[in-house]
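What follows is the residue order along each chain.
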Amino acid sequence: MKVVQFTNLGNIDHSVHFQEDRHSHFYPHLHCHNEIQITWIISGEGILFLDNTMQYFKSGDMFVMGANQPHFFKSEPSCFDTNNSNKIHSLNIYFNPNGFLSNLINFPEMLGIKNFMESTIFGMQASGENAAKLGQTFLKVGNASAGFRLAYFIELLQVMANFKHWQYLSAQSFAANITDSEDVRMNQIFRYTTENFTENISLEQIASIACLTTQSFCRYFKKHTGKTYIHFLNEVRVNEACKTLAKNNFDSIGTVAYKCGFNSVMSFNRVFKTFTKKTPKDFIRSYHYNN
């Protein structure tokens, strides 16, 4: 399962490439490209894997992925059902900071935008309020052509650079540290984990998926993600539990715990609070009070 360094062919004759995606699910493989990517989720939900982190996403969210930053949007499992009629819909802007735009961003008036572009190496998410504000300008970029598209794009970047409350998704960028062969291995680890997290995955099992001894795997995973595999596995499980609890479509907290791969409610409550700083009951009350 080779991970290819993507090239956006639309950028050959344009400095800004706009792409609209309507499919049954998002592209399911870890990948990267030379372009910075701005993605606005119109419809769809799942988990964004980016560098060493994961982030639940839903309709209305807006993300910025840095150049050469490994990432993929993992759709809900129901999206892969052949009988599923729901489609994902996203709008995407790609631009290479070292391409045609490199001279433009060195103008003194572009300092704020330049600083913003440099900060994208950590991956960013706009707040719900800011994502809504950016929507109109985002659509201007998509609907315009030639010089007008570039003008609206600069306007979009200036607005984004002025926002103070971006959520940074990764503590550090791993983009320069992952080789092609490591891309393949990490992709296999991510895919196996996200498809089997409800099961009791042992370190021996996941190490065999990565074609490593257990001890070597533990060192490898910690080196490339900054966390242990058990921490990552629990993170996947807690993210899934949060989605289920937020939808308020479950029989009991115990049912959620077992469906997300925990072998006891006590263990689930402890791990859940470690990640969210709330008990499952507090999370439910807080989520529905704020929404």
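The structure displayed is predicted, hence computed values, not measured ones.

Engineer: Summarise the sheet that holds strand β4 (residues 36–43); cite the residues concerned and give the values.
Structural biologist: Taken in spatial order, the six strands of this open sheet run β2-β9-β4-β7-β10-β11, and their pairing is antiparallel. Across the chains shown, the open sheet's two edge strands, defined by having one partner strand only, are β2 (17–23) and β11 (167–168). Where β4 lies against strand β9 (residues 88–95), seven bridges are found, and the strand directions are antiparallel. Note that in β9 the partner of Ile36 across the bridge is Phe95. Packed onto the sheet, helix α3 (residues 146–162) meets β2, β4, β7 (62–65) and β9 and runs at close to 95° relative to β9.

Engineer: How would you sum up the sheet that holds strand β8 (residues 71–75)? Please name residues and give values.
Structural biologist: A sheet is described by the order of its strands in space; here three strands give the open sequence β6-β5-β8, paired in antiparallel fashion. Each edge of the open sheet carries a strand with a single partner, namely β6 (53–57) and β8. Strand-to-strand twist in this sheet, taken as the mean axis angle between neighbours without regard to direction, amounts to 20°. As judged from the five bridges shared by strand β5 (residues 46–50) and β6, these two strands associate in the antiparallel manner. When the sheet's bridge partners are listed, Leu50 is paired in β6 with Thr53.

Engineer: Now, about unusual backbone geometry: what can you tell me, with residues and values included?
Structural biologist: Here Ala146, not a glycine, exhibits a phi torsion of approximately 50°, which is positive. Residues other than glycine seldom take positive phi values, yet Cys211 does so here, at roughly 60°. One can find Cys211 in the loop between α5 (203–209) and α6 (214–225).

Engineer: Tell me about α3, and please be specific about residues and values.
Structural biologist: Between the first and last C-alpha of α3 there are 25 Å, a value that for 17 residues agrees with the 24 Å anticipated at 1.5 Å per step. For α3, the complete set of buried residues consists of Arg149, Phe153, Leu156, Leu157, Met160 and Ala161. In an axial view of α3, the angular spread of the buried residues amounts to 130°, which keeps them on one side of the axis. Exposed and oriented more than 90 degrees from the buried face of α3 are Gly147 and Phe148. The elements touched by buried residues of α3 are β2, β4, β7, β9, α1 (111–119) and α2 (128–143).

Engineer: Explain the pairing of β9 to me, and be specific about the residues and the numbers.
Structural biologist: Along β9, eight of the eight residues are buried, which leaves the element largely enclosed by surrounding structure. Alternating residues of β9 divide into Ile88, Ser90, Asn92 and Tyr94 and His89, Leu91, Ile93 and Phe95, and every residue in both groups is buried. Strand direction decides the pairing type here: β2 and β9, joined by seven bridges, are antiparallel. Note that in β9 the partner of His23 across the bridge is Ile88.

Engineer: I'd like a rundown of the pattern of salt bridges, residues and numbers included.
Structural biologist: One pass over the structure, following the stated rule, counts eight salt bridges. We note a salt bridge from Lys140 to Glu155, for which the minimum N-O separation is 3.9 Å. Here the residue Lys140 occupies a position in helix α2, and Glu155 occupies one in helix α3, the gap between them amounting to 15 residues. According to the relative accessible area criterion, Lys140 is partly exposed, its value standing at 30%.

Engineer: Requested: an account of the side chain of Thr39, with residues and values cited.
Structural biologist: By the element assignment, Thr39 lies in strand β4. Since its relative accessible area comes to 1%, Thr39 is described here as buried. A distance of 2.7 Å separates polar atoms of two side chains, one belonging to Thr39 and the other to Gln37. Among the polar contacts listed, one links the side chain of Thr39 to the side chain of Asn92, at a separation of 2.7 Å.

Engineer: Before we move on, can you summarise the packing of α2 against α3 with the specific residues and values?
Structural biologist: Their axes nearest at 8 Å, the elements α2 and α3 cross at an angle of 155°. The angle between α2 and α3 places the two elements in the roughly antiparallel class. The hand of the α2/α3 crossing is left-handed. Residue-level inspection shows Leu134, Thr137, Phe138, Lys140, Val141 and Gly142 of α2 in contact with α3, the latter providing Arg149, Tyr152, Phe153, Glu155, Leu156, Val159 and Met160.

Engineer: Quick rundown of the nonpolar core? Include the residues and the values.
Structural biologist: With 29 residues, the main nonpolar core has Ile38, Ile93, Phe95, Phe116, Phe138 and Trp166 as its most contacted residues. When contributions to this core are tallied by element, the ones reaching two or more residues are β4, β7, β9, α1, α2 and α3. The element contributing the most residues to this core is α3, with five residues. When neighbours within four sequence positions are excluded, Ile38 is seen to be in contact with Met62, Phe63, Val64, Leu91, Asn92, Ile93, Phe95, Phe138, Leu156 and Met160. Counting residues in each nonpolar core, the second largest holds 20 residues, with Ile189, Phe190, Phe217 and Phe232 among its members.

Criteria and cut-off values
Residues numbered from 1 in each chain as written. Predicted model: local features only at pLDDT ≥ 70, side-chain atom pairs only at ≥ 80, totals over all residues. Heavy atoms only, no water. Pairing = 2+ DSSP bridges. Helix = DSSP H or I, 4+ residues; strand = E, 2+ residues; numbered from the N terminus. Contact = heavy atoms within 4.5 Å. Axes fitted to C-alpha atoms, helices over the stretch in contact; angles between N-to-C directions. Expected span 1.5 Å × (residues − 1). Buried < 20%, exposed > 50% of the residue type's maximum accessible area, 1.4 Å probe, protein only. Arc of directions from axis to C-beta. Salt bridge = Lys/Arg side-chain N within 4 Å of Asp/Glu carboxyl O. Polar contact = N/O pair within 3.5 Å; in protein donor to acceptor, adjacent residues only side chain to side chain. Parallel < 35°, antiparallel > 145°, perpendicular 65-115°, else oblique. Left-handed = near helix turned anticlockwise from the far one by under 90°. Core = buried A, V, L, I, M, F, W, Y, C linked by side-chain atoms within 4.5 Å.

Interpretation in functional terms is not warranted from these geometric data alone.
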